[in-house]
Amino acid sequence: MGMMLVWVAALGVVHGAVDEAVPVAVDARLRVRLFADEASIVTPIGLAVDGRGRVFAVESHTHMPPRDYDGPPHDRVKRLEDRDGDGRADDVAIFAEGFRDAMNLAFGPDGTLYLCHRTGVVALPDRDGDGRADEAQEILRLETPQTYPHSCLLSIAFGPDGRLYVGRGNLGGEPWTLIAADGSRLAGYGEGGAIVRLGPDGSDLEPFATGFWNPFGLAFDGQGRLFAVDNDPDARGPNRLVHVVEGGDYGFRALFGPDGLHPFQAWDGELPGTLPLAGPTGEAPSGLIDAARACLPADYRDCLLSTSWGEHTIERLRLSPRGASVAAVPEVVIRGGRDFRPVAIDTAPDGTIYVSDWVLHDYPNHGRGRIWRIDVPPGQAAEPPRPPDAVPPISPSRRTATISPDAAPAERYAAWLKQLTDPDPFVRTAAVAAAAQPAYRERLSSDLDHDDPRVRLGILVALRHAGTPPDDDRFRRWLDDPDPDVRRMALAWIAERGRGELAADLRRVLTREVTPDLLRAYLAASQALEPATLAAVARREPGFRIRRAIDPRRLAELLEEPALHGASRALVIRLADALPDRSRVRVREAIVTALDDDDLACRVEAVRTLGRWADSAAGEALWQIACDRGEPATLRADAVNALAGLGEDRTDLSALLDDPEPEVRREAARALRAAVHKPAVRAALQRAAEQPRDQDDELSAQARFALDPAADRPRDDQAWQTELGSGGSVSAGRRVFLDRAIGCVDCHTAEGRGGSIGPDLSTIGRTFGRDRLLESILHPSAEIAQAYRPTRVATTDGRVYVGLQFHFRSDDHVTLLVQDGASLSEIALRLDELEEYGPSPTSLMPEDLAARLSVPDLRHLLAYLVSLR
């Protein structure tokens, strides 16, 4: 997807009119005023304010500039001052220039400005005080084949310990090496984004925390705690605020793909050894500061301020204690129009807040830009800003470790062992980091078979944290462990390390209790140990990722596994949904047999899978379930939905319009839309539409929609929001999603079913509420995620294609991924046969999608989507 953005940028972008409206202070105690516009600065990113109140901002000119871009060839740092005190910048000068993909700025303890760019960090001293940097001293260098700027070095902040903290984005499976000025270095391959720290002179580089996607903003609060705002992966929200502690693992690993949904990835502490988020943030969070550094009302004291590039807002994140960490609740305090794109945020010594504004939604440089200032109006009560030296001069390292440093080694080890069983993940992380020290390695080995499974799990995590894998026999003992989480994390570690010699031993985890999470881990580890995958990882193949895939042979084996039952067996049946036509024969018989399984969950998944496959041979069995009034209503309604997907003439479903179960007769009315042209079906729907609404109002509504889709519709967006603000059935909404006549499932995945040409919706409820989801359905092209922005191609012989760019070679061809009915197909075109090539202004999501849905359909669909968490 990244290459798609680069190539689209190279062809130029056409812009519409810019919304010049001033952002509005939702909190009436604040005010927002323009400090500088594009006459002074364009496409600003990073921003920092010095001790004299001067604003320094990155002016970007290399962020995917269009082919005809007439700006400077390099990025600049501009210095902006308000000398006459009118609130507007009147003295603007270039402080430093010559950079590429410059990102963020921060002032060091001695007043030196530091700049973070894609492949390094430089110090920009102004020793003679002439307002221009004397030189660019390299402090840190990143070496990697990755060139996408949002995947490399992103953020910087100085801690109360005087050290420099640097945020790196996930490198998308590329190998990397960080080299500090003193020669100290770190290297890796396949990890997620990370935060490292080093001295301001480039000494003593060391890791601090890992498991991020793209931590674009870092900030320390008044208690010396480090926080980061982290953009979410392709399919796993929400964007998040995290409390960053030394040794913390926040769950994302690039090796396992970009969607964030791999069984060996976590986002909110779902995997043992990973830490949860403090709270959600707005879309594309970019800047972060401690609100106490600003002159604001007293209730801002225990808050952070974060910019949301994607939602045109600035939020305050209210912090409250939660165990050894904090919880954060977002609240919008500044809101702008569609052309308010806030990025960096910082404060002046007098407490005024400054915010850089990229302005347009387009990634390529575009010649627009603004800087805003936020303060309180005269007469408004406010607290003075916290001075920089008020932060406790201590390191944020292992702040949760409460064990006395004077304790004897044995006493410390015993205390850490106890902390491995603590319910607080931050306490456990501190214990893991301490117990992983080399001095305790032998002690850890003696407790590998501890009676408490929490201790066994903690020791496994500690050894993994230390990067010291045991021998094969120890792994096998973990695979046999009675505790499912111990087995699960053993699988994760085996997969990460590429221990192919253990491939035949993985099935050991299935001989005891099997949970759905353990089953997913087993399938993922089996895939990771395939010979081709092991070879790619061994040679550190650039850009390689172990994506989620389903092996039909392994699914067939699992369906015959006697130890697998209940929810785990149901999960296997659901996973079979993704198999291509040619692979289904291996498991079809077992899934048809599951229609008579004793476990209801297995039967439900079998019905849905056969419906998704449009398996006409199973039609009679599905019909029997649909008509059997002794079956659960939800199972029967799912069978009706599956029958509708077979594409056959199912006029017999009209008999179910009089069924005693409301769920069944309503689903029958939906299924009969395709046959409304038949006189008998139309007459049956007419009778259902004319029945008294107090008998079954939704059945009447579904029948009326089938007869006249344009009737009884809300008039405008506000009417839609009012009508659909609450209510709905999750199970009915799932059937709307799976309805192939509507098409959601053909492009999107949810709960393991669906297509991949659109964003995965499996956790969409964490990120979007009903109002945002409804807006995206009513107006799918209003805001298109950059990773899913389609490309429109017109060839010299008149063919036109719209799809996602899948592959690009600048000297050869382009490949588009396009929807072809219910499946995806690749279209390869030579570059010399293209007449037009560029971003499509419209989403691949149909503009008339809402017109295909009745009002109850939409209500149920929204209820289902917000439940996906």
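Preceding block: the structure.
Heads up: these notes are all about the structure in this document. (Residues numbered from 1 in each chain as written. Predicted model: local features only at pLDDT ≥ 70, side-chain atom pairs only at ≥ 80, totals over all residues. Heavy atoms only, no water.)

**What to know about the overall build of the protein**
Here is step 1: Tallying secondary structure elements over the protein gives 23 helices and 35 strands in all.
Here is step 2: Principal-axis analysis of the C-alpha atoms places the extent of the protein at approximately 90 × 70 × 60 Å.
Here is step 3: The long-range share in the protein, meaning contacts at least 24 apart out of those at least 6 apart in sequence, stands at 62%.
Here is step 4: Looking at charge distribution, the protein has the averaged site of its 102 positive side-chain charges lying 2 Å from that of its 134 negative ones. (Helix = DSSP H or I, 4+ residues; strand = E, 2+ residues; numbered from the N terminus. Contact = heavy atoms within 4.5 Å. Lys, Arg positive; Asp, Glu negative; His and termini not counted. Charge placed at Lys NZ, Arg CZ, Asp CG, Glu CD.)

**A few points about the pattern of salt bridges**
Here is step 1: A full pass over the atoms with the stated rule returns 86 salt bridges.
Here is step 2: Arg 88 is the partner of Asp 37 in a salt bridge, and the nearest nitrogen-oxygen pair spans 3.8 Å. Taken as a pair, Asp 37 in the loop between β2 (31-36) and β3 (44-49) and Arg 88 in the loop between β5 (75-81) and β6 (91-99) lie far apart in primary sequence, 51 residues in all.
Here is step 3: When its relative accessible area of 25% is taken as the criterion, Asp 37 is described as partly exposed.
Here is step 4: With relative accessibility at 34%, the residue Arg 88 sits in the partly exposed group. (Salt bridge = Lys/Arg side-chain N within 4 Å of Asp/Glu carboxyl O. Buried < 20%, exposed > 50% of the residue type's maximum accessible area, 1.4 Å probe, protein only.)

**Thoughts on the nonpolar core**
Here is step 1: Counting 105 residues, the largest nonpolar core has Phe 264, Trp 478, Leu 491, Tyr 522, Val 587, Ile 591 and Leu 685 as the members making the most contacts within it.
Here is step 2: Those residues in contact with Leu 491 that lie beyond four places of it in its chain are Phe 264, Leu 479, Leu 506, Val 509, Leu 518, Ala 521, Tyr 522 and Ala 525.
Here is step 3: Residues Val 77, Leu 115, Tyr 148 and Ala 284 belong to the second largest nonpolar core, which totals 26 residues. (Core = buried A, V, L, I, M, F, W, Y, C linked by side-chain atoms within 4.5 Å.)

**Re a negative patch on the surface**
Here is step 1: On the surface, a cluster of negative charge is made up of Asp 716, Asp 717, Asp 771 and Glu 775.
Here is step 2: With respect to the element layout, Glu 775 can be found in helix α22 (residues 770-778).
Here is step 3: When its relative accessible area of 40% is taken as the criterion, Glu 775 is described as partly exposed. (Patch = residues over 30% accessible without salt bridge, like charges linked within 9 Å, V, L, I, M, F, W, Y side chains within 5 Å. Areas by Shrake-Rupley, 256 points an atom, 1.4 Å probe, with all protein chains shown as cover.)

**Details of the packing of helix α13 (residues 600-612) against helix α15 (residues 633-644)**
Here is step 1: Where α13 contacts α15, the axes come no closer than 8 Å and their chain directions differ by 15 degrees. By the criterion of interaxial angle, the relationship of α13 to α15 is roughly parallel. Viewed along their axes, α13 and α15 form a crossing whose handedness is left-handed. Taken together, the residues of α15 that come into contact with α13 (itself represented by Leu 600, Arg 603, Val 604, Val 607, Arg 608 and Gly 611) are Leu 635, Asp 638, Ala 639 and Ala 642. (Axes fitted to C-alpha atoms, helices over the stretch in contact; angles between N-to-C directions. Parallel < 35°, antiparallel > 145°, perpendicular 65-115°, else oblique. Left-handed = near helix turned anticlockwise from the far one by under 90°.)

**Looking at the sheet that holds strand β22 (residues 285-290)**
Here is step 1: Strand order in the open sheet made by the 5 strands is β1-β25-β24-β23-β22, with antiparallel pairing throughout. At either margin of the open sheet sits one strand with a lone partner, and together these are β1 (24-25) and β22.
Here is step 2: Note: β22 against strand β23 (residues 303-308), 4 bridges, orientation antiparallel. The residue of β23 that forms the bridge with Leu 288 is Ser 306. (Pairing = 2+ DSSP bridges.)

**Comments concerning the side chain of Asn 170**
Here is step 1: Here Asn 170 shows up in the loop between β12 (164-168) and β13 (175-180).
Here is step 2: Accessibility expressed as a relative area gives 3% for Asn 170, which makes it buried.
Here is step 3: Polar side-chain contacts of Asn 170 include one of 3.0 Å to the backbone nitrogen of Gly 172.
Here is step 4: Once residues lying within four places of it in the same chain are set aside, the contact partners of Asn 170 are Ser 151, Gly 192, Gly 193, Phe 212, Trp 213, Asn 214, Phe 252, Ala 254 and Arg 545. (Polar contact = N/O pair within 3.5 Å; in protein donor to acceptor, adjacent residues only side chain to side chain.)

**Some thoughts on the state of the cysteines**
Here is step 1: By the definition in use, this model includes 0 disulfides.
Here is step 2: Left without a disulfide partner, Cys 747 is nearest to the cysteine sulfur of Cys 744, which lies 8.7 Å away. (Disulfide = S-S within 2.5 Å.)

**A closer look at the side chain of Arg 373**
Here is step 1: Its place among the elements puts Arg 373 in strand β28 (residues 370-375).
Here is step 2: A relative accessible area of 9% means that Arg 373 is categorised as buried.
Here is step 3: With sequence-adjacent residues up to four places away left out, Arg 373 is seen in contact with Arg 31, Val 32, Arg 33, Phe 35, Asp 82, Gly 87, Thr 352, Ile 353 and Tyr 354.

**Remarks on α22**
Here is step 1: Arg 770, Leu 773, Leu 774, Ile 777 and Leu 778 are the residues of α22 that are buried. Projection of α22 onto a plane perpendicular to its axis shows the buried side chains occupying an angular sector of 130 degrees, all on one side.
Here is step 2: Residues of α22 that are buried in the fold lie against α19 (717-723) and α23 (855-867). (Arc of directions from axis to C-beta.)

**So, the sheet that holds strand β11 (residues 153-158)**
Here is step 1: In space, the 5 strands of this open sheet follow the order β11-β12-β15-β16-β20, with mixed pairing throughout. With partners counted over all chains shown, the strands left at the sheet margins are β11 and β20 (248-249), one partner each.

**As for the packing of aromatic side chains**
Here is step 1: Summed over the entire model, instances satisfying the criterion amount to 17 aromatic pairs.
Here is step 2: Taken together, a centroid distance of 5.3 Å and an interplanar angle of 90 degrees make the contact between Tyr 165 and Phe 208 edge-to-face. With a gap of 43 residues between them, Tyr 165 in strand β12 and Phe 208 in strand β16 (residues 206-212) connect regions that are remote in the sequence.
Here is step 3: Note on Tyr 165: relative accessible area 0%, which makes it buried.
Here is step 4: By way of ring pairs, the aromatic residues Phe 56, Phe 95 and Phe 107 are connected into one cluster.
Here is step 5: It is Arg 168 that lies over the ring of Trp 176; its NZ or CZ is 4.4 Å from the centre. (Phe/Tyr/Trp six-rings, centres within 6.5 Å; stacked < 30°, edge-to-face > 60°. Lys NZ or Arg CZ within 6 Å of the ring centre and 35° of its normal.)

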